[in-house]
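Architecture at a glance
This is what each chain is made of:
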Number of protein chains: 2
Amino acid sequence: MMKKKKVKITDVTLRDGMHAVKHQFSVDDVKEIASKLDALGVSHIEVTHGDGLGGSTIQYGFSKETEEDLLRAARESIKRAKLTALLLPGIGTAEDMARAKEIGVETIRIATHCTEADISEQHMGEAKRLGLEVVGFLMMSHMVSASTLVEEAKKMESYGADVVYIVDSAGAMLPEEAGEKVSALRQALSPNVEIGFHAHHNLGLSIANSFAAIDAGADRIDCSLAGLGAGAGNTPLEVFAAAADKRGIDTGLDIYSAMDAAEDIVKPKMIRPVQIDRVSLTMGYAGVYSSFLLHAFRAAEQFGVDARDILIELGKRKVVGGQEDMIVDVALEIKKKTANVTMM
Amino acid sequence: MMKKKKVKITDVTLRDGMHAVKHQFSVDDVKEIASKLDALGVSHIEVTHGDGLGGSTIQYGFSKETEEDLLRAARESIKRAKLTALLLPGIGTAEDMARAKEIGVETIRIATHCTEADISEQHMGEAKRLGLEVVGFLMMSHMVSASTLVEEAKKMESYGADVVYIVDSAGAMLPEEAGEKVSALRQALSPNVEIGFHAHHNLGLSIANSFAAIDAGADRIDCSLAGLGAGAGNTPLEVFAAAADKRGIDTGLDIYSAMDAAEDIVKPKMIRPVQIDRVSLTMGYAGVYSSFLLHAFRAAEQFGVDARDILIELGKRKVVGGQEDMIVDVALEIKKKTANVTMM
């Protein structure tokens, strides 16, 4: 039997899950879901536009209601858990954060690409001054080695982060990788800094990856009811609660209530089933940004190649956001290669 | 990097998947799916009523077309893979098996409860005489210890089984358990006997459990397109193919074709989404037979208790099929316990 380990659960139904409902959760939805999550025992409830504070724009999609109204609705509904918000520097501002704090947000999660922790410095400093619990969120963590992640995590630690998360944004990690990376951070950071793990389910491994992260020393795990989240979704809270209990992990969750909330509250609000489909599976397999998909499908059509070949090549080259112009080059190369093979 | 291990994939879309479509796949469905599976590289294609040969009855649900027609349709569509049928002694007979062999079935999988391998002796003997490849299928393998499974597997080996499967019928295993049990069989059986693993996805762990089984020495893994199967479904073939490739496991599968077959052929034929819901999750958590569900819900209503409490207690007591009368006793005990608590 494994040692019984206690982990804190941050629920992201009302943040990452916003992507899956095109940011259309209402004040009433937030009240209903947040109060249920609070009662069933999660330690943190994240409520923000899918792309964080200030995300409600024409570029990222407008929320149904204002950020302030949604956060206030959550604040009124939560008694035990910490109200949490996400902020991506460049989208959200220090002002947004100060306003969120005024409304009653207690924990701020500041997210950057896994090699760009330095852009979180200013916001983390400001968050500390505001007295917020500060969580660093290293996105697309599958793209770099454990040692690079350690460097970036140490930057966040130096800016005052209380927690650093390894974020598998594309759902591209295997359990071994999740474990190795969490373990590297656990060894490198001060024991006062907690480690978190945020999974996506693109390869059907969100629960197994979360287990591996916990075994390696993770203190916090992100989940969402019914897995509601971008792409193939996040670690489903109710499934994780049941499986973790069998494995001797203490999540503090009421398993039946989690099942009921997923089934009776969240599933009826889904506008499409959250599942592993061809697109999300390709993302996990290739390890690429969802923002590449549209470009890749366009280039595939233009050059008569398979979009998946393009995405997989982009994954191999570790192309990052902003390098979308490389997609056409890759499509063209694949077309040439295929033509050569045909000619031989 | 892990050692690259080759595994054979048995697809069960047209057998376990039959449960998910109430056994209503037509001859044309079988032709379409079997030919696609054959082309994409699975080693075995199982085509049978969900409850095996002879399963098309009022008790288990009638198939849309006759067993012979479905098997013939598959036979015509398969060039490389071995055509496989399932048989549960007590439902299917030696005559059914002989007829299946005549039609062109090459592999027979003979399934028993994990403690009742002895009832497979006669059918295995007959299967050997017919020249079939013989696979033993130990259902509900989470219910007994590794050493008990070894005893039962050794019986099947002595009856001539070429392969013995550990079958996690309720989707109740964790990866550690799957690994431990496969490892025990691998050590105890002759190296000539292959080990297989059949997962269900009730705890969201079908892929991780299959990986653990492979690490422990499994030679064969069961999958189905889009996870089509009873309850929360089986290990989804296309997801497993992609994740296994990333992990350095050689499945011989064409990943893109598997994705396309799942998305374009199987998902449109689903009569309900195959997913982890409250019922299938409770089954995996409690580790009980699906046949208990209806009885448990009835007893729950009658006594005003939660059906999940009944199922979990049944799981703890390791109640097996045929002991359904215990369900009312358990419901009554839970009611009494709850009443005592309330009175204190």
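In the nomenclature of an unreviewed UniProt entry, chain A corresponds to 4-hydroxy-2-oxovalerate aldolase from the organism Geobacillus genomosp. 3. The record held by UniProt for chain A lists under Sequence similarities (unreviewed entry) the comment "Belongs to the 4-hydroxy-2-oxovalerate aldolase family."

**Section: the overall build of chain A**
Along its length, chain A carries 14 helices and 10 strands. For chain A, whose C-alpha radius of gyration is 20 Å, the value lies close to the compact-globule estimate of 20 Å for 344 residues. Each principal axis of the C-alpha atoms in chain A carries an extent, and together these give about 70 × 45 × 40 Å. By the burial criterion, 61% of the 344 residues in chain A qualify as buried. Of the contacts made within chain A by residues no fewer than 6 positions apart, 77% connect residues no fewer than 24 positions apart. Surface summary for chain A: the accessible area is close to 13,000 Å², and the carbon and sulfur share equals 51%. For chain A, the distance from the average position of its 39 positive side-chain charges to the average position of its 50 negative side-chain charges is 3 Å.

**Side note on helix 8 (residues 206-215) of chain B**
Residue and element names in this part refer to chain B. Where burial is concerned, most of helix 8 is hidden: 9 out of the 10 residues are buried. Among the residues of helix 8, those classed as buried are Ser 206, Ile 207, Ala 208, Asn 209, Ser 210, Phe 211, Ala 212, Ala 213 and Ile 214. Of the residues trailing helix 8, Gly 217 is marked for its positive phi of about 115°.

**Topic: the packing of aromatic side chains**
Residues and elements named next belong to chain A. Counted by the stated rule, this structure contains 4 aromatic pairs over all chains. Ring geometry for Phe 211 and Phe 240: centres 5.8 Å apart, planes at 40°, overall tilted. Note that Phe 211 is positioned in helix 8 (residues 206-215) and Phe 240 in helix 9 (residues 237-246), a separation of 29 residues in sequence. For the pair Phe 211 and Phe 240, one class covers both residues: buried. Directly above the ring of Phe 211 sits Arg 247, whose terminal nitrogen or CZ lies 4.6 Å from the centroid.

**What to know about the nonpolar core**
Counting residues in hydrophobic clusters, the biggest one holds 242 residues, and the most contacted among them are Ile 108, Leu 237 and Ile 310 of chain A together with Ile 108, Leu 237 and Ile 310 of chain B. Residues in contact with Ile 108 of chain B, not counting those within four places in the same chain, are Leu 53, Ala 85, Leu 87, Met 97, Ala 127, Leu 132, Glu 133, Val 134 and Val 135 of chain B.

**A few points about the pairing of strand 4 (residues 82-87) of chain A**
Residues and elements named next belong to chain A. Of all 6 residues in strand 4, 5 are buried, a share of seventy percent or more. With 3 bridges joining them, strand 3 (residues 44-47) and strand 4 adopt parallel strand pairing. Residue pairing for strand 4: His 44 is matched across the bridge by Lys 82. Remark: the strand 3/helix 3 (residues 67-77)/strand 4 crossover connection has right-handed handedness. Bridge count for strand 4 against strand 5 (residues 107-113) is 4 bridges, and the pairing is parallel. Opposite Leu 87, over in strand 5, you have Ile 110 as the bridge partner. This β-α-β element, strand 4 to helix 4 (residues 94-103) to strand 5, shows right-handed connectivity.

**Some remarks on the UniProt feature "active site" (unreviewed entry) in chain A**
Residues and elements named next belong to chain A. UniProt's entry tags His 19 with the feature "active site" (unreviewed entry), counted in the numbering of this structure. Looking at the element boundaries, His 19 is found in helix 1 (residues 16-20). The exposure class of His 19 is partly exposed, given its relative accessible area of 27%.

**Quick word on the relation of the copies chain B and chain A**
The two copies are related by a screw operation: chain B maps onto chain A through 180° of rotation and 0.0 Å of translation along the axis, at an RMSD of 0.0 Å. Taken together, the rotation and translation describe the operation of a two-fold axis. Of the C-alpha atoms belonging to chain B, the one lying closest to the rotation axis is found on Ala 208 of chain B, 3.0 Å away.

**Thoughts on the sheet that holds strand 9 (residues 220-223) of chain A**
Residue and element names in this part refer to chain A. Read once around its circumference, the closed barrel built from 8 strands follows the order 2-3-4-5-6-7-8-9, with strand pairing classed as parallel. Between one strand axis and the next, the sheet turns through 25° on average, direction left out of account. Across 2 bridges, the pairing between strand 8 (residues 194-198) and strand 9 is parallel. Directly across from Phe 197, in strand 9, lies its bridge partner Ile 221. Across the face of the sheet, helix 6 (residues 146-158) comes into contact with strand 5, strand 6 (133-139) and strand 7 (163-167) while running at roughly 155° to strand 6.

**Structural notes on the interface of chain B and chain A**
Contacts between chain B and chain A engage 38 residues on the former and 38 residues on the latter. For the pair chain B and chain A, the summed buried surface comes to about 3,300 Å²; carbon and sulfur atoms form 59% of the total. At the surface where chain B touches chain A, the tally comes to 8 salt bridges. A salt bridge links Arg 247 of chain B to Glu 176 of chain A, with the shortest nitrogen-to-oxygen separation between them at 2.6 Å. Put simply, chain B and chain A have 22 residue pairs in polar contact (both at pLDDT 80 or more) between them. Of all the elements in the fold, those that place two or more residues in the side of chain B that touches chain A are helix 8, helix 9 (237-246), helix 10 (255-266), helix 11 (278-286) and helix 13 (307-316) of chain B. Here the residues of the side of chain B that touches chain A are counted per class, giving 18 nonpolar, 6 polar and 14 charged.

Conventions adopted
Residues numbered from 1 in each chain as written. Chains lettered and ligands numbered in written order. Predicted model: local features only at pLDDT ≥ 70, side-chain atom pairs only at ≥ 80, totals over all residues. Heavy atoms only, no water. UniProt positions renumbered as here; feature names shortened; annotations may be inferred. Helix = DSSP H or I, 4+ residues; strand = E, 2+ residues; numbered from the N terminus. Rg over C-alpha atoms; globule rule 2.2 N^0.38 Å. Buried < 20%, exposed > 50% of the residue type's maximum accessible area, 1.4 Å probe, protein only. Contact = heavy atoms within 4.5 Å. Areas by Shrake-Rupley, 256 points an atom, 1.4 Å probe, with all protein chains shown as cover. Lys, Arg positive; Asp, Glu negative; His and termini not counted. Charge placed at Lys NZ, Arg CZ, Asp CG, Glu CD. Phe/Tyr/Trp six-rings, centres within 6.5 Å; stacked < 30°, edge-to-face > 60°. Lys NZ or Arg CZ within 6 Å of the ring centre and 35° of its normal. Core = buried A, V, L, I, M, F, W, Y, C linked by side-chain atoms within 4.5 Å. Pairing = 2+ DSSP bridges. Right-handed = clockwise from strand over helix to strand, strands pointing away. Least-squares fit on C-alpha atoms with pLDDT ≥ 70 in both. Axes fitted to C-alpha atoms, helices over the stretch in contact; angles between N-to-C directions. Buried area = accessible area lost by both parts, 1.4 Å probe. Salt bridge = Lys/Arg side-chain N within 4 Å of Asp/Glu carboxyl O. Polar contact = N/O pair within 3.5 Å; in protein donor to acceptor, adjacent residues only side chain to side chain. Nonpolar A, V, L, I, M, F, W, Y, C, P; charged D, E, K, R; others polar.

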